Amino acid sequence: MLIIKKRTIVIVILTFLCTVIHAQDMLQGTVMEYNDEKQLTPVVGAVLQWENSSVGTVTDINGTFKIEKIGESNQLIVRYFTYQNDTIFIQKDQKELEVVLLKAHQLNEISVEATRQGSYISVKPILTTVLSADGLRKAACCNLSESFDNTVAVDVEYADAVTGAKQISMLGLAGIYNQILLENTPFIRLLSHQFGLSFVPGVWMEAISIAKGTSSVTNGYEGMTGQINIDYKKPEKNQERFFLNLFTNSMGKGEINLNTRIKIKEHLSTMFLLHTEGQFAKLDLNRDSFLDLPLNYQVNAMNRWDYDKPGKFEGRTLVSYLWEDRVGGQKNFSPRRRDETVYGLRIRTDKFNVITKNGFLLPGHHESIGTILSFTYHQNLSYFGLKDYNAKQLSGYANILYSNRYGKSERHKFTAGGSFQVDILNENMLHVTDDISRIKSEYIEMVPGIFTEYSYSIDEKFVLMGGLRFDYNFYYNMLFWTPRLHLKWVPYRDGAIRLSAGKGYRTAHVLVENMSLLINNRTFIFPSELKPEEAYNGGVSFVQSFDMKGGKSKFSVDYFYTTFVNQMIIDLDRSPQRVYVYHLNDKMNKGKSYSHSFQAELTLYPLKRFELIMAYRFNDVWQTTGEDLQPKALMSPHKALLNISYATKFEKWKFNLTVQYNSSMRFPNTQNNPEPYRLPKQSPDYFIVNAQITKKYKTLEIYLGGENLLNYKQKNPILSADNPFGDYFDASMLYAPITGIMGYVGINWKFF
C-alpha cells in the first residue's frame, strides 16, 4: 500500500505539470566578432547575463542567444574571454539585439566593470546550476572532485583511508546514480567510477552544469538523480595562445598544467592540453603505519579539433590518453616486494578516449542533425594486500539526433533519434593464497535505443518538455521504457517554478563500483542472478530574484524524492566480516529504498563585488539492510555552507572564505567485532574551513590558500591497522578527512 502511495506522488507531479500556461518577454539576437580577415563571424560560448543578476545564457554554435527579460529595462552584460566586458542598455519593448565584440586592447584603456558571478541558474526547464570559470577559481580545484566546495548540491568524500579515491553523491544517493558527461557525451562510467573524478583536471574546465532530477531522454536512460556536464576549454573561443599553471601543496603534491591554441586556418583550430601530477611525500600523520595519501603519478593529455563550414556543418573531435600509477598501504611497503608481512596496494591505469561530435544544418531555419560517437579503452591492473584485481573495459557509444522548431513563433520543438551503447568488461579477482577465491567474468552489454522529445514554450516563461525513450538491453533480454517530463513556469517577474518527474535504469557492477571494499578482508556474497536497477524521481523547485545594493540576489529552494523499484544493495550491516550483495526485493531481502532531499540557498550581494552564499541541505535516505529499514550508512543528513567572496576593483585582488558543516552520520554495524575494533553507532559532526587569496596581474595570477584550517581529522580511520591481514581490518569506514591543515600556492600564466 505504501509503495502505491509513493508512486502516486510521482503520478501527481506528472499530472500537475500540464496545468498552466503564461507568457513573458524574451530578448534574442546574435554575438559576432571580426576574424583576422576583418569578416564578421559568430561567437560561440559568449556569456550574456543581466547585470547584478543570476539569470544568464550562452550563445550557441551560430552565435545566437535567447534570454528571459527580468525588468522593464535593464543592463545586459556580454562577456567573452580576452574581450572587454560590454554592458548594453535594453529598452522595455526591445526584442532583438546584435552585438559585435571588440578586443580589450582596442578600447584604449576604456574599461567596463561588471559583476562576475561564480554560479548562476540556467534558464532551462530542468533545474540546472552552472559553475562558471570564476566560481571554479575560488579554490585550488585541482580536479573535478575538488570543484564542489562551494555548493551543497553535490557531496564529495573519500571512499576509503588508503587509496585516496574521492566519490560524489547527489540527493543523498551515490554518484553512480548521477550521469557524468563530457560535453554531453557519457564519460565517467564503469572502471572510471572509482578514480574518474581525479581524471578531470581543474584547469581544463571552463564550466560545470549540475542538473538535479531526471534529465533529458536524449542523453540516455541513466541519470536517476541528476546529471553533471563538464565543458572543457575550446579552441574556437578560448584565446589563450599559451597557458601555464604550476601548483604545489604542503602535503608534497605538485602539478604542471599547460594548454596551447593553434589556429590552422579560418574555421579550423586545435588545442593541446597537458596535465601532470605527483604525490611525492610519504605521510603518516596519525602514526597508524599507513600512508595518509598514496604515492601517485599521473600524466593526462588531450588534443581537440574544432571545425566548421558556416551554414553547412560544424564539429569537434577530442582525443585523450591517461596514465596513472598509484601506490599505497603501509609506509614501509615497496611494490618491489610483496608478501604477507607488509600491506600494500598498487593501481595502474591506462585510459584512451575518442569523442567526435558533428552537426549538420538542414534547409529549415532551426532544422539540424547531430551525431555523437565515442570510444573508450580502460585497463586497470591492481592489487590490494593479497587480492589481485585486474579489469579491462571497451566501450562504444553512438547517438544521432534530429531537431527542428515549427509553429507560430517557433514555440514547438521536436527532437528524435537513436542511440547504441556497447560495453565489454572483463574482470579477474584472485586471492593469491587461495585459488578458490577466484572471481572471473566477461560482461558484454549491448543496448540499442530510440527516443523522442517534444517541448512547447511561450517565450521561455512557460516551457513544457516531455520525452520518452525505449531501449532494449540484450544482456537482460529486457525492454527499458523511460518517460520523463519537465515544466518551467514564471508566474511573475523574477520568480520561477520548476517541476520534474521521470524514471531511470542502470546496470550495477559490484566490484568496479565498490573497489574500496577490496581493501578490507571481507568476503563477498553475491546474488545468484543480476537484475537492472530501476527508480522513479520527482521534484519541485522555486527560484526568486530580488535587488540589493550590490546587485540582484536570489533565493532558491528545491525538494526531490527518489524511490527504487529495484536496487543492488551493498550490505555492510549483516556482518563486519562479509559484504552481502543482493537485490532490493529478492529471497534475502524484502525491503525499501528511498530518498527525500531538500535544499535552500540564499545568494546575496550587499555591496558591489561582494558575494555571500548561505546554503542548507537535508537528505533523509532510508534503505533496508541487515533486515532492518534504517538510515543509509556513512551519509551526512545535514549539511550547511557559508561562502564569502570579495574582489577589489577590476578584480586585482580576490578573497574567498568557505565554511562547511557536516552532521553526524550512521556507521555500519560492527558490534560483532571484538571491543577494540567496534565503532560507535554515530560519528561526530564537524566543520571544514577553506580560504584563498588571489592576486591578478596583466597576464599572471598568483593564488595562495589553505584547506581544513580547523585541522579536523578522523581519529583511527582504519580498524585493526596493526593487523592488516587479520579478520577485522577495515579501511572503508570514513566519515571525515584523515589529513589536517593543507596549504597550497599556485600560479596561472597566460599569453594571448
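So, a few notes on the structure that sits alongside this text.

Reading guide: rules and limits
- Residues numbered from 1 in each chain as written.
- Predicted model: local features only at pLDDT ≥ 70, side-chain atom pairs only at ≥ 80, totals over all residues.
- Heavy atoms only, no water.
- Helix = DSSP H or I, 4+ residues; strand = E, 2+ residues; numbered from the N terminus.
- Rg over C-alpha atoms; globule rule 2.2 N^0.38 Å.
- Buried < 20%, exposed > 50% of the residue type's maximum accessible area, 1.4 Å probe, protein only.
- Contact = heavy atoms within 4.5 Å.
- Areas by Shrake-Rupley, 256 points an atom, 1.4 Å probe, with all protein chains shown as cover.
- Lys, Arg positive; Asp, Glu negative; His and termini not counted.
- Charge placed at Lys NZ, Arg CZ, Asp CG, Glu CD.
- Core = buried A, V, L, I, M, F, W, Y, C linked by side-chain atoms within 4.5 Å.
- Pairing = 2+ DSSP bridges.
- Axes fitted to C-alpha atoms, helices over the stretch in contact; angles between N-to-C directions.
- Phe/Tyr/Trp six-rings, centres within 6.5 Å; stacked < 30°, edge-to-face > 60°.
- Polar contact = N/O pair within 3.5 Å; in protein donor to acceptor, adjacent residues only side chain to side chain.
- Salt bridge = Lys/Arg side-chain N within 4 Å of Asp/Glu carboxyl O.
- Patch = residues over 30% accessible without salt bridge, like charges linked within 9 Å, V, L, I, M, F, W, Y side chains within 5 Å.

1. Quick notes on the overall build of the protein
No. 1: For the protein, the helix and strand inventory stands at three helices and 44 strands.
No. 2: Computed over C-alpha atoms, the radius of gyration of the protein comes to 26 Å, within 12% of the 27 Å expected from 2.2 N^0.38 for 752 residues, which places it in the range of a compact globule.
No. 3: Dimensions of the protein, computed from C-alpha atoms along their principal axes, come out at roughly 75 × 60 × 45 Å.
No. 4: A burial count over the protein gives 59% of its 752 residues as buried.
No. 5: Pairs at least 24 apart in sequence give 64% of the contacts found in the protein among residues at least 6 apart.
No. 6: Just so you have it, the protein exposes about 30700 Å², and 58% of that area is on carbon and sulfur atoms.
No. 7: Taking the 83 positively charged and 76 negatively charged side chains of the protein as two groups, their mean positions are separated by 2 Å.

2. Some thoughts on the nonpolar core
What tends to happen in soluble globular proteins is that the nonpolar side chains get buried as a cluster.
No. 1: Among the nonpolar cores identified, the biggest contains 37 residues, and Phe384, Tyr389, Leu518, Phe524 and Ile718 are the most heavily contacted of them.
No. 2: Those elements that place two or more of their residues in this core are β22 (344–361), β24 (387–406), β25 (412–431), α3 (510–513) and β34 (578–583).
No. 3: Per-element tally for this core: the top contributor is α3, with three residues.
No. 4: With 29 residues, the next largest nonpolar core counts Phe148, Val154, Trp204 and Ile355 among its residues.

3. Thoughts on the sheet that holds strand β33 (residues 568–571)
No. 1: Ordered by their spatial adjacency, three strands build an open sheet running β30-β34-β33, and the pairing between neighbours is mixed. If you trace the sheet from one side to the other, it starts and ends with β30 (523–525) and β33, each paired once. The average angle at which neighbouring strand axes cross in this sheet is 15 degrees, direction not considered.

4. Some thoughts on the packing of aromatic side chains
No. 1: The final tally for this structure, using the stated rule, is 26 aromatic pairs.
No. 2: Ring plane angle 70 degrees and centroid distance 5.3 Å describe the contact between Tyr221 and Phe480, whose orientation is recorded as edge-to-face. Of this pair, Tyr221 sits in the loop between β15 (205–212) and β16 (226–232) while Phe480 sits in strand β28 (residues 478–492), and the two are 259 residues apart along the sequence. As far as the burial class goes, Tyr221 and Phe480 line up, both buried.
No. 3: Members of the aromatic cluster, joined through ring pairs, are Phe290, Tyr343, Phe725 and Phe729.

5. Examining the side chain of Ser645
No. 1: Tracing the sequence through the fold places Ser645 in strand β40 (residues 638–647).
No. 2: At 3.2 Å, the side chain of Ser645 forms a polar contact with the side chain of Asn643.
No. 3: Side-chain polar atoms of Ser645 contact the side chain of Asn656, separated by 2.7 Å.
No. 4: Sequence-distant contacts of Ser645, that is, excluding residues within four places in its chain, are made with Lys138, Arg609, Phe610, Glu611, Phe655 and Asn656.

6. As for the pattern of salt bridges
No. 1: Taken as a whole and judged by the stated rule, the model has 31 salt bridges.
No. 2: Between Glu266 and Lys263 there is a salt bridge, with its nearest N and O atoms 3.3 Å apart.
No. 3: A relative accessible area of 34% places Lys263 in the partly exposed class.
No. 4: Where Glu324 meets Arg326, a salt bridge forms, and the shortest distance between an N and an O atom there is 3.2 Å.
No. 5: Residue classification places Arg326 among the buried residues on the basis of a relative accessible area of 5%.

7. Looking at the pairing of strand β41 (residues 653–662)
Successive residues of a regular strand alternate their side chains across the two faces of the sheet.
No. 1: In the sheet, β40 pairs with β41 via nine bridges, with the strands oriented antiparallel. The residue of β41 that forms the bridge with Asn643 is Thr658.
No. 2: Taking the residues that link successive antiparallel strands as the turn, the β40-β41 hairpin has five residues, and the phi of Phe650 there is positive, at about 60 degrees.
No. 3: The pairing of β41 with strand β42 (residues 686–696) spans ten bridges and is antiparallel. The residue bridging Tyr661 from the neighbouring strand is Phe687, located in β42.

8. Looking at a nonpolar patch on the surface
No. 1: A surface patch of nonpolar side chains, about 880 Å² in accessible area, is lined by Phe420, Ile444, Met446, Ile450, Leu468, Phe470, Tyr472, Phe474, Leu479 and Trp481.
No. 2: Those elements that place two or more of their residues in the nonpolar patch are β26 (434–458), β27 (462–473) and β28.
No. 3: Within the secondary structure layout, Phe474 lies in the loop between β27 and β28.
No. 4: Residue class for Phe474 comes out partly exposed when judged on its relative accessible area of 44%.

9. Here we look at the environment of Phe725
No. 1: Looking at where Phe725 falls in the secondary structure, it is placed in the loop between β43 (700–707) and β44 (742–751).
No. 2: The exposure class assigned to Phe725 is partly exposed, which follows from its relative accessible area of 26%.
No. 3: Measuring from C-alpha to C-alpha, the distance between Phe725 and Val200 comes to 34 Å, with 525 residues separating the pair along the chain.
No. 4: In this structure Phe725 touches Asp339, Glu340, Thr341, Val342, Tyr343, Gly385, Leu386 and Asn521, once residues within four positions along its chain are discounted.

10. Describing the sheet that holds strand β11 (residues 154–158)
No. 1: The sheet built from three strands is open, its strands ordered β11-β12-β13 with antiparallel pairing. In this open sheet, the two strands that pair with only one neighbour each are β11 and β13 (173–174).
No. 2: Here strand β12 (residues 166–170) runs beside β13; their pairing, made up of two bridges, is antiparallel. Counterpart to Met170 in the pairing with β13 is Leu173.

11. Quick look at the pairing of β33
No. 1: With four bridges joining them, β33 and β34 adopt antiparallel strand pairing. The residue bridging Ile570 from the neighbouring strand is Val581, located in β34.
No. 2: Here β33 hands over to β34 after six residues, the two strands then running antiparallel side by side.

12. A few points about unusual backbone geometry
No. 1: Although it is not a glycine, Glu183 sits at a positive phi angle of roughly 50 degrees.
No. 2: Unlike most non-glycine residues, Ser720 shows phi in positive territory, near 55 degrees.
No. 3: Looking at the secondary structure, you find Ser720 in the loop between β43 and β44.

13. Let's talk about the environment of Val659
No. 1: Relative to the helices and strands, Val659 resides in strand β41.
No. 2: Sequence separation between Val659 and Asn708 is 49 residues, and the spatial gap between their C-alpha atoms is 9.4 Å.
No. 3: If near-sequence neighbours (up to four positions away) are discounted, Val659 is found in contact with Ala640, Leu641, Leu642, Phe687, Ile688 and Val689.

14. Comments concerning the environment of Trp489
No. 1: If you trace the backbone, Trp489 turns up in strand β28.
No. 2: Sequence spacing of Trp489 and Val463 is 26 residues, and the spatial spacing of their C-alpha atoms is 6.6 Å.

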